[in-house]
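Residue strings, one per chain:
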Amino acid sequence: MSQYPFTTVIGLEVHVQLKTASKLFCGCSTEFGAPPNTHVCPLCLGLPGALPVINEKALELSALAGLALHCDLPPVTKWDRKQYFYPDLPKGYQTSQFDMPICADGFLEIEDPADANQTVRIGIIRAHLEEDAGKSMHDEVAGRADSRIDLNRCGTPLLEIVSEPDLRTAEQCVAFLTKLREMMVHLGVSDCEMQEGSLRVDANVNLHIDRNGEVIATPIVEIKNMNSFRNVAAALAYEVDRQYEEWETKGHTIKTHGKRTFGWDDGKQVTYPQREKEESADYRYFPCPDLLPVRLTEAQREKVRSMFTELPQQARERLQSQYDVTAYDADVIVSAGPEMLAYYDSVATACGDGKRASSWVQQDVMRSIKEQGISVDQFAISADQLAALIQCIIAGELANNRARDVFEHMLDKGVAMDQAMKDLGIEQVDDSEIESLVADLLSKNPRVVDDVKGGNAKAVGALIGQARKANPNANPQQVRELALKMIEQM
Amino acid sequence: MALSTDDVKKLALLARLDISDLPVDHLAGQLESILDFVHQLSELDTEDVEPMTTALDVDNRWRRDEVLPSLDRQDVLANAPAADDECFRVPPVLG
């Protein structure tokens, strides 16, 4: 449709909800999905005299996110009031950070989706802490004209990460968001569940149209309400076309029109104007007199540095070199989240066989927790138990299939490994018992002895079936090795 | 510092103050005199003065991330002009 070439210029504002137990300035729980208005206190209600106290974990998680994004953590950060009136914000202002954010001036590097060999560096202008507002629900179905307000979310800590307008395509935006989300989840900064609103994305977009050498910028539009990465891509694609057409037919440019806010309608797959964007001055920011400035102490900085262990990509590389697993396996484990990675690390280290650990974790553990709809933290078989089971396989005490029986039995009955083996009649068979069993079998099967002596070692296989019949817990490999050894000595 | 009647009306709107019954010119004059009073500060040379973020000589007061009991919902909703069993009810808000 477009006649002139143009560059799309996109900056993202990403809100991540910090993984704290309590709210940013009070002790109310941040738990998602509680009955409406049950996590509310005088501070959340904006009652006179209620005073905020900063949650130190929110500071630490923000600083951790800042480190991951190569940001500076300035010596001082402070709080400001952003004033606006909305029923889900009882105080009449949002406590935020205006001119002295907790993190500033960083970057995130992504692979360019258009060229996998090309790395694109996306600047991070700032990341600041702020409190969330409550939730408005519009009760049109019931035929009532009013809105219902739930203040549970009011005061939940958010980190708003603001990128430079360095993104050029919707695909780059998705790559940026994917990497950012993985990082934040991996470091335990946030759950980043878009469904639950713990990751929210706004996009600022306009076009720089090149009309025969003259660059014309279209008015900037901020798009909200994009509740999945797929929607981000769809909304940006739509908006690019819309802006070009608006310029073509109406001549709107950045000089004739100010910034506007658009929503994304997922059903109709269109962006639509919501309201004229307030100017920053309209929020009448001023320093919050109820809160003191924050100077992160050296001890806190040290603590945050110690929390900043490794990023997902580093973990992938480490698994390959440390445990000799394939790039694919490492990716599956790391992508399953930090809890799964920790579980795998424990199993692999304790059993000493990273490849076996990887196959058990991927096949048996991941399948089981998926079936049960739980996280690995809630999984009944601990990393130590799984490691012990794998050690039995390595030691030749259990065949893989038999070990799988034990695993299933442990899950079904909720018992420990020893009990499961007992229940299944698997007992460690005494070496001398096996020796006498094999000696007995050899004396009853002179032809097998002759065959083996004649060079056909495979003939010994005939004894294994008989051995298992005599004692179901006789280990096939042990029987084979012992028989060959005894024949050699005959 | 001169304030137009439009400035005053805009400020009133942002602060959600209903001034429709009041003489805007009169309010503008009052606001101007307040601003002029504060404006005296700009006579000072603050070139080398670090901006002050608080009048108190302390910082770094925070709490551990621990959940404390919230209010009973009945109490939360008690003073609301309109509510149902679970939520506050307000005139429709859209967008």
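In this text the structure is predicted, and so the values were computed from the model without any measurement.

*Asks:* Describe the overall build of chain B, naming the residues involved and giving the relevant values.
*Replies:* The helix and strand tally for chain B stands at 3 helices and 2 strands. Overall, chain B shows an N-to-C arrangement of helices and strands of α-α-β-α-β. Taken against the 2.2 N^0.38 rule, which gives 12 Å for 95 residues, the C-alpha radius of gyration of chain B at 22 Å runs more than 25% over that of a compact globule. Along the first, second and third principal axes, the C-alpha set of chain B runs to 55 × 45 × 25 Å. The 95 residues of chain B split such that 20% are buried. Nonlocal contacts in chain B, meaning residues at least 24 apart in sequence, comprise 24% of its contacts between residues at least 6 apart. Here chain B displays about 7600 Å² of accessible surface, and carbon together with sulfur accounts for 55% of that area. Placing the 8 positive and 21 negative side-chain charges of chain B at their respective mean positions leaves the two points 11 Å apart.

*Asks:* Residue-level account of the packing of aromatic side chains, with values.
*Replies:* Residues and elements named next belong to chain A. Enumeration according to the criterion identifies 12 aromatic pairs over all chains in this entry. Each ring, one from Phe 25 and one from Trp 79, has its centre 5.2 Å from the other, and the planes form 80°; the classification is edge-to-face. Taken together, the residues span a long stretch of sequence, with Phe 25 in the loop between strand 1 (6–17) and helix 1 (42–45) and Trp 79 in the loop between helix 2 (56–68) and strand 3 (80–83) at a distance of 54 residues. Each of the two residues, Phe 25 as well as Trp 79, counts as buried. Taken together, the ring pairs connect Tyr 4, Phe 6, Tyr 244 and Trp 247 into an aromatic cluster. Its end group placed over the ring of Tyr 283, Lys 82 keeps NZ or CZ at 4.4 Å from the ring centre. The ring centre of Trp 360 lies 4.8 Å from the NZ or CZ of Arg 404, which sits over that ring.

*Asks:* Mind laying out the pairing of strand 3 of chain A, listing which residues take part and the relevant values?
*Replies:* Residue and element names in this part refer to chain A. Here strand 3 shows no split at all, with Asp 80 and Lys 82 on one side and Arg 81 and Gln 83 on the other all buried. Taken together, the 4 bridges between strand 3 and strand 4 (residues 93–96) define a ladder with antiparallel strand orientation. Bridge assignment links Gln 83 to a residue of strand 4, and that residue is Tyr 93. Two elements, strand 3 and strand 15 (residues 286–287), share 2 bridges in a ladder whose sense is antiparallel.

*Asks:* Requested: an account of unusual backbone geometry, with residues and values cited.
*Replies:* The phi angle of most residues is negative, glycine excepted, and most peptide bonds adopt the trans form. All names here are of chain A. Despite not being glycine, His 70 shows a phi value in the positive range, around 55°. In this fold, His 70 is placed in the loop between helix 2 and strand 3. On the basis of relative accessibility, which here comes to 42%, the residue His 70 falls in the partly exposed class. For Asp 324, which is not a glycine, the phi torsion comes out positive at approximately 65°. Locating Asp 324 in the fold gives a position in the loop between helix 6 (312–323) and helix 7 (327–335).

*Asks:* Any chance you could break down the interface of chain A and chain B for me, citing the residues and the numbers?
*Replies:* The interface is formed by 52 residues belonging to chain A together with 34 residues belonging to chain B. Carbon and sulfur atoms supply 56% of the area buried between chain A and chain B, which totals about 3700 Å² over both sides. Taken together, the connections running from chain A to chain B amount to 4 salt bridges. Summed over the shared surface of chain A and chain B, the number is 22 residue pairs in polar contact (both at pLDDT 80 or more). The greatest single-element share of the side of chain A that touches chain B, amounting to 4 residues, is contributed by strand 8 (residues 147–150) of chain A. A class-by-class count of the residues in the side of chain A that touches chain B yields 25 nonpolar, 14 polar and 13 charged. Bridge analysis of strand 2 (residues 54–55) of chain A against strand 1 (residues 62–63) of chain B gives 2 bridges, and the strand direction is parallel. Opposite A:Asn55, over in strand 1 of chain B, you have B:Arg63 as the bridge partner.

*Asks:* Residue-level account of the packing of helix 6 of chain A against helix 8 (residues 338–351) of chain A, with values.
*Replies:* All names here are of chain A. Put simply, helix 6 and helix 8 touch, their axes get as near as 12 Å, and they point 10° apart. What the angle tells us is that helix 6 and helix 8 run roughly parallel. Mapping the contact onto sequence places Ala 315, Arg 318, Leu 319 and Tyr 323 in helix 6 and Leu 341, Tyr 344, Asp 345, Ala 348 and Thr 349 in helix 8. Residues of the contact of helix 6 with helix 8, tallied by class, amount to 6 nonpolar, 1 polar and 2 charged.

*Asks:* I'd like to hear about the sheet that holds strand 2 (residues 88–90) of chain B, residue by residue, with values.
*Replies:* On the basis of which strands lie adjacent, the open sheet formed by 3 strands has the order 7(A)-8(A)-2(B) and antiparallel pairing. With one partner strand each, in any of the chains shown, strand 7 (135–138) of chain A together with strand 2 of chain B form the two edges of the open sheet. Strand-to-strand twist in this sheet, taken as the mean axis angle between neighbours without regard to direction, amounts to 35°. With 4 bridges connecting them, strand 7 of chain A and strand 8 of chain A associate as antiparallel partners.

*Asks:* Break down a nonpolar patch on the surface for me, citing the residues and quoting the values.
*Replies:* Residues and elements named next belong to chain B. Where nonpolar side chains cluster on the molecular surface, the patch consists of Leu 11, Leu 31, Ile 34, Phe 37, Val 38, Leu 41 and Leu 44 and spans about 690 Å² of accessible area. At 4 residues, the largest contribution of residues to the nonpolar patch is made by helix 2 (residues 24–39). Topologically, Leu 31 is positioned in helix 2. Take Leu 31: its relative accessible area is 30%, and that puts it in the partly exposed class.

*Asks:* Can you lay out the environment of A:Leu482 for me, pointing to particular residues and giving the numbers?
*Replies:* All names here are of chain A. With respect to the helices and strands, Leu 482 occurs in helix 16 (residues 476–488). On a C-alpha basis, the gap between Leu 482 and Glu 435 in space is 7.3 Å, while along the polypeptide they are 47 residues apart. Among all residues touching Leu 482, those that are not within four sequence positions of it are Ile 434, Glu 435 and Val 438.

*Asks:* Requested: an account of the domain arrangement of chain A, with residues and values cited.
*Replies:* Residue and element names in this part refer to chain A. When the domains of chain A are assigned, the result is domain 1 (6–295), domain 2 (310–423) and domain 3 (431–489). Computed from C-alpha coordinates alone, the two centres of domain 1 and domain 2 are separated by 38 Å. A buried area of about 640 Å², summed over both sides, lies between domain 1 and domain 2, and 65% of it is on carbon and sulfur atoms. It is Glu 182, Met 183 and His 186 that lose the most area in domain 1 upon contact with domain 2, and together they represent 74% of the buried surface on that side. Inspection of the region where domain 1 meets domain 2 yields 1 salt bridge. Across the pair Arg 316 and Glu 182 runs a salt bridge whose closest N-O atoms are separated by 2.8 Å. Here domain 1 and domain 2 share 2 residue pairs in polar contact (both at pLDDT 80 or more) between them. Ranked by residue count, the leading element in the side of domain 1 that touches domain 2 is helix 3 (residues 170–186), at 4 residues. Taken together, the residues that form the side of domain 1 that touches domain 2 break down as 4 nonpolar, 1 polar and 2 charged.

So, how was this worked out
Residues numbered from 1 in each chain as written. Chains lettered and ligands numbered in written order. Predicted model: local features only at pLDDT ≥ 70, side-chain atom pairs only at ≥ 80, totals over all residues. Heavy atoms only, no water. Helix = DSSP H or I, 4+ residues; strand = E, 2+ residues; numbered from the N terminus. Rg over C-alpha atoms; globule rule 2.2 N^0.38 Å. Buried < 20%, exposed > 50% of the residue type's maximum accessible area, 1.4 Å probe, protein only. Contact = heavy atoms within 4.5 Å. Areas by Shrake-Rupley, 256 points an atom, 1.4 Å probe, with all protein chains shown as cover. Lys, Arg positive; Asp, Glu negative; His and termini not counted. Charge placed at Lys NZ, Arg CZ, Asp CG, Glu CD. Phe/Tyr/Trp six-rings, centres within 6.5 Å; stacked < 30°, edge-to-face > 60°. Lys NZ or Arg CZ within 6 Å of the ring centre and 35° of its normal. Pairing = 2+ DSSP bridges. Buried area = accessible area lost by both parts, 1.4 Å probe. Salt bridge = Lys/Arg side-chain N within 4 Å of Asp/Glu carboxyl O. Polar contact = N/O pair within 3.5 Å; in protein donor to acceptor, adjacent residues only side chain to side chain. Nonpolar A, V, L, I, M, F, W, Y, C, P; charged D, E, K, R; others polar. Axes fitted to C-alpha atoms, helices over the stretch in contact; angles between N-to-C directions. Parallel < 35°, antiparallel > 145°, perpendicular 65-115°, else oblique. Patch = residues over 30% accessible without salt bridge, like charges linked within 9 Å, V, L, I, M, F, W, Y side chains within 5 Å. Domains from an automatic or database assignment.

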